[in-house]
Amino acid sequence: MSDTSGTNDAPTTIVHGALTAMHMMAAADEYLAETEVDLIIRLIEQTTGESISIEAVLDMAEDLNKQASGGAIVWKSMFEPYRDLSLPAREAILKAAIMTAISDGEFHDKERRTLGDLADWLGLTPDEFLTLLERVRSEMS
């Protein structure tokens, strides 16, 4: 998918997409690690300037899990609105998910597949996904 003009790149839209992606990744290995919660809290504070409690993160995770109980088709529909964002904005959403997936020191096959699905849902090519994955992994090591 080509880069769009980014006219829909409102910071709140990107933050919401990133939070949804982070929660999806945290759920991918069916275990919400403390490092994943800490990362979500830290990124919210950095992007919005607002503090958020652990309980709020857990509540959001529970709400998203309820919404997504329909499986991949529901998750895919959750990310459909973000396909109109610019490539850098869509990469920011995927980067947040990648950071969540590797924040606990383990990178499971299920997480890798979920990230691939997310990249596809966001309209990134396989090459764009792999390039971003390697860049984030090197930044976090």
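In case you missed it, the structure is sitting above this.
This one's a predicted model, so the numbers in the text were calculated from it and none came from an experiment. (Residues numbered from 1 in each chain as written. Predicted model: local features only at pLDDT ≥ 70, side-chain atom pairs only at ≥ 80, totals over all residues. Heavy atoms only, no water.)

(A) Broad picture of helix H6 (residues 109-121). With 13 residues, H6 ought to run about 18 Å at 1.5 Å a step, and its terminal C-alpha atoms sit 18 Å apart, in line with that. Where H6 is concerned, the buried positions are Glu111, Thr114, Leu115, Leu118, Ala119 and Trp121. Viewed end-on, H6 has its buried residues packed into an arc of 160 degrees, placing them on one side of the element. The exposed set on the far side of H6, more than 90 degrees from its buried face, consists of Asp109 and Arg113. One or two steps after H6, the chain reaches Gly123, where phi turns positive at roughly 85 degrees. (Helix = DSSP H or I, 4+ residues; strand = E, 2+ residues; numbered from the N terminus. Expected span 1.5 Å × (residues − 1). Buried < 20%, exposed > 50% of the residue type's maximum accessible area, 1.4 Å probe, protein only. Arc of directions from axis to C-beta.)

(B) Seen up close, the packing of helix H1 (residues 11-28) against helix H5 (residues 87-102). Relative orientation of the contacting elements H1 and H5 amounts to 30 degrees, with a least axis distance of 8 Å. On the basis of the axis angle, H1 is roughly parallel to H5. Crossing hand, H1 versus H5: right-handed. Taking contact as the criterion, the partners of Ile14, Gly17, Ala18, Ala21, Met22, Met25 and Ala26 in H1 are, on H5, Ala89, Ala92, Ile93, Ala96, Ala97, Thr100 and Ala101. Taken together, the residues that form the contact of H1 with H5 break down as 12 nonpolar, 2 polar and no charged. (Axes fitted to C-alpha atoms, helices over the stretch in contact; angles between N-to-C directions. Parallel < 35°, antiparallel > 145°, perpendicular 65-115°, else oblique. Left-handed = near helix turned anticlockwise from the far one by under 90°. Contact = heavy atoms within 4.5 Å. Nonpolar A, V, L, I, M, F, W, Y, C, P; charged D, E, K, R; others polar.)

(C) The side chain of Thr100, seen in detail. Along the chain, Thr100 falls in helix H5. Not counting chain neighbours up to four residues away, the residues in contact with Thr100 comprise Met22, Met25, Ala26, Glu36 and Leu39.

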